[in-house]
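So you can see what is in the structure, the chains are spelled out below.
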Amino acid sequence: MTASRSKAFWGLALITGLMTAPVAFAQTSSGPTPLWPQGPATSPTVAPPAGTDTAAPGPTPGPTPLGAYTPPPPRASSFEVKTLAAVTPDGGGLLDAGQGGLGQALWADSPRGLLDRALASLPQSSPSPAVRALLGRVLMSSGTAPQAGKDARNFLGLRLERLALLGDGKHADAMATLPTALDDAGGAEAWARLSLLTGDGAACDQMADLQKRFNDGEIQMLGVVCQVRGGSTDNIMLSLDIMREQGVKDDGFSRLAEVAAGGQKGALKGFTAVSAEAVALARAMNRGLPAEVPAAQILALNPAAAAAVADLPDTAAALKLAAGDRAASYGTLPSAALAPLYKAAKVSPNDLKNAVGVADKRQGADQRAILYQALTGETIPSLKGAVLAKAVDVSDPALLAGAWGDLLAQELEGLAPGPALKDLAPAATRLLLLQNRRDLAQPWFELARQSAQDAKEGKALQAYLRLVPLAVLGGLLPSDGANWAQWLDAMKADADAPSRLRAASILALLTAAGEKVDPLLLARTAPVVEAPGVIPDAASWLRLDQSITVPRRGEVAVLALAELADAGPAATAPTVTAHALSALTAVGLKDDARRLALEAVAVLAGP
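Residues numbered from 1 in each chain as written. Predicted model: local features only at pLDDT ≥ 70, side-chain atom pairs only at ≥ 80, totals over all residues. Heavy atoms only, no water.

### Re the environment of Ala-273
- Within the element layout of this structure, Ala-273 appears in the loop between helix H10 (251–262) and helix H11 (276–285).
- Along the chain, Ala-273 and Gly-252 lie 21 residues apart, while their C-alpha atoms are 5.5 Å from each other.
- Here Ala-273 is in contact with Gly-252 and Gln-297, once residues within four sequence places are set aside. (Helix = DSSP H or I, 4+ residues; strand = E, 2+ residues; numbered from the N terminus. Contact = heavy atoms within 4.5 Å.)

Right under this line is the structure:
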């Protein structure tokens, strides 16, 4: 656990009294619940189509032989996006309720000022795929816009701005075509910048009109990029003069623009400060960044700009690796583009031979590059499994849920679950559940369960028991099909306050995500008295609770995401995460709550 996570974890308020989700008894028999799942006697229920949040009926009680329990197929995580007619002038979107949207009344009776402040407080992006997915759905949902005063921003433009900051170029382009979307300066500017960073250049078709309507320095900078893209450099110096008059100072951008205006050839040099606009200009010039640009500058770029750096020609491999790793961590670089960057990284032969041992001494992109090169170069299944297990164990759950996890899952697909790979089974299950690959996770989970059953104690049993809450959230195991008392023993819930708090946090998150948890289990982990942690202000906390009762679905989603801040569920205090998940579950966003809970529980349960 990192220092920041440790600080968040130990600074908690008492958890068990904060839950608002309904709690029901999951273990009602007088005898102990067996370790192995009590599977359904009938065929598993098929999950509803994407966009619905209907909970499947509980399993029929009765023992099932090991391996006989077949979970329902995974819920589809994608949705079809179509351009919809605007419900109100600035309430239009790309998703109606049948396509994954939150419904026409998602903003019903929500105070516009509250929504504006909540949207403004959200991070530009998030390391959590679950956060990004829910926020994208909220922003793209079509519905009646909240009432606004005459000085309020265009609500569609405001949502376009937030979507563009996420780095979702495809959907931002589609949103930009909706009526009134480009009437808002902030939305138009964010979309234009993203369009130029991704290289599609759609904003250049609108640039002349945008410059007339929004006469500010940022738009002037983006106009210069379009001039370079179009091969017209005669007016660049004039544009730079206008930028300076409007108070815009970006030395790196200005230096690049002067190079473009002068038609200078050769490697770029003479600047070390890099902004998103400078990256867009370098992309338009088809020029690489100089090697003297500090990696810290790259890591400070927004995710879309980082993805663009990773694609620039003639850029130092170290800079491209840093940029690509950051972009992938925030969802703007797919695994197919990430893999070549890891393969191109310089790794010593000795490090490659001992990748499992070296991994603990490295961090970030360097660590992942070593592990990926070792993984892709290994042909012996047992050795490949050892590298895979190490890669999962040292990686944050948010990374495992994103592009990095996708690369690992692709390597895992070449391995068949079997006794020779039983030590890999817990890590494989954890990875595939975070990747939302329940179909592939099931046989690995069965292998972990069989290994635990054979061992009856020791490492294999402990590893299996740590998987239990993840398996419940991921749909591999019904909540009443595990021996929670034995799980609490594995978590050492009675050993000391920190262990009890960790167990209590996991149970609270399960409850908040809509799982049925026996109140007696919660009672066994309480009370835990902790110093107050960093939690939202009292007014915001109360407002989210009040929003549930209406319910204001869009407002609840935005306020809940604001509580998770920029850290995501994996690095936010469980008290806060549980509160946010309870709110989402209460307004029918249970699937989203479960995905968020999975990332949080994966940290608490440990590898």
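### Details of the side chain of Thr-577
- Turning to its location among the elements, Thr-577 is positioned in helix H30 (residues 574–586).
- A relative accessible area of 0% means that Thr-577 is categorised as buried. (Buried < 20%, exposed > 50% of the residue type's maximum accessible area, 1.4 Å probe, protein only.)

### As for the packing of helix H22 (residues 425–434) against helix H23 (residues 438–455)
- Two elements in contact, H22 and H23, have axes separated by 8 Å at closest approach and are oriented at 155°. With respect to their mutual orientation, H22 and H23 come out roughly antiparallel. Crossing geometry of H22 relative to H23 is assigned as left-handed. Residues Ala-425, Pro-426, Ala-428, Thr-429, Leu-432 and Leu-433 of H22 pack against Arg-438, Leu-440, Ala-441, Trp-444, Phe-445, Leu-447 and Ala-448 of H23. (Axes fitted to C-alpha atoms, helices over the stretch in contact; angles between N-to-C directions. Parallel < 35°, antiparallel > 145°, perpendicular 65-115°, else oblique. Left-handed = near helix turned anticlockwise from the far one by under 90°.)

### Regarding the nonpolar core
- Grouped together as the largest cluster of nonpolar side chains are 186 residues, with contacts concentrated most on Phe-253, Trp-404, Leu-424, Trp-444 and Trp-487.
- Look past the residues within four positions of Trp-487 in its chain and what remains in contact with it is Leu-465, Val-468, Pro-469, Ala-503, Ile-506 and Leu-507. (Core = buried A, V, L, I, M, F, W, Y, C linked by side-chain atoms within 4.5 Å.)

### Points about helix H28 (residues 538–548)
- When we look at burial in H28, the residues that qualify are Trp-541, Leu-544, Ser-547 and Ile-548. End-on, the buried residues of H28 take up no more than an arc of 125°, which puts them together on one face. For H28, exposure combined with an orientation more than 90 degrees from the buried face picks out Ala-538 and Ala-539.
- Next to the buried residues of H28 lie helix H29 (553–564) and H30. (Arc of directions from axis to C-beta.)

### Things to note about helix H5 (residues 169–176)
- Burial analysis of H5 places 6 of its 8 residues in the buried class, the great majority of the element.
- By the burial criterion, the buried members of H5 are Gly-169, His-171, Ala-172, Ala-174, Met-175 and Ala-176.
- Buried residues along H5 sit in contact with helix H3 (129–140), helix H4 (155–165) and helix H6 (185–198).

### Some remarks on the state of the cysteines
- On inspection of all chains with the given rule, the structure shows 1 disulfide.
- Put simply, Cys-204 and Cys-226 are joined by a disulfide, and their sulfur atoms are 2.2 Å apart. Sign of the S-S torsion, about -95° for the bond between Cys-204 and Cys-226, identifies this disulfide as left-handed. Here Cys-204 is found in the loop between H6 and helix H7 (207–213), whereas its partner Cys-226 is found in helix H8 (residues 217–229), with 22 residues between them in sequence. (Disulfide = S-S within 2.5 Å.)

### Let's talk about the pattern of salt bridges
- The final tally for this structure, using the stated rule, is 24 salt bridges.
- Measuring nitrogen to oxygen at the nearest pair gives 2.2 Å for the salt bridge that ties Arg-449 to Glu-446. Residue Arg-449 and its partner Glu-446 are located together in helix H23, separated by 3 residues, close to a single helical turn.
- Taking the relative accessible area as the measure of exposure, Arg-449 reaches 1% and is therefore buried.
- Among the salt bridges present, the one from Arg-524 reaches Asp-489, with a minimum N-O distance of 2.7 Å. Here Arg-524 is found in helix H27 (residues 519–524), whereas its partner Asp-489 is found in helix H25 (residues 484–490), with 35 residues between them in sequence.
- Through salt bridges with shared partners, a single network forms among Glu-189, Arg-193, Glu-218 and Glu-277. (Salt bridge = Lys/Arg side-chain N within 4 Å of Asp/Glu carboxyl O.)

### Comments concerning the environment of Arg-466
- Mapped onto the fold, Arg-466 is located in helix H24 (residues 459–473).
- A distance of 2.8 Å separates a polar atom in the side chain of Arg-466 from the backbone oxygen of Pro-607. (Polar contact = N/O pair within 3.5 Å; in protein donor to acceptor, adjacent residues only side chain to side chain.)

### Here we look at the environment of Ala-192
- Mapped onto the elements of the fold, Ala-192 is located in helix H6.
- Between the alpha carbons of Ala-192 and Ala-172 there is a distance of 9.6 Å; along the sequence they are 20 residues apart.
- Apart from the residues within four sequence positions on either side, Ala-192 is in contact with Ala-203, Met-207 and Leu-222.

### A few points about the packing of aromatic side chains
- What the rule picks out here adds up to 5 aromatic pairs.
- Measuring from ring centre to ring centre gives 6.1 Å for Tyr-342 and Tyr-372, while their planes differ by 50°; the resulting arrangement is tilted. Placement of Tyr-342 in helix H15 (residues 335–344) and of Tyr-372 in helix H18 (residues 364–377) is noted, with a sequence separation of 30 residues between them. In terms of burial, Tyr-342 and Tyr-372 fall into one category: buried.
- Relative to Trp-487, the ring of Trp-484 lies with its centre 5.3 Å away and its plane at 80°, an arrangement referred to as edge-to-face. Of this pair, Trp-484 and Trp-487 both sit in helix H25, 3 residues apart, which is roughly one turn of that helix.
- Linked through ring pairs, Tyr-342, Tyr-372 and Trp-404 together constitute an aromatic cluster. (Phe/Tyr/Trp six-rings, centres within 6.5 Å; stacked < 30°, edge-to-face > 60°.)

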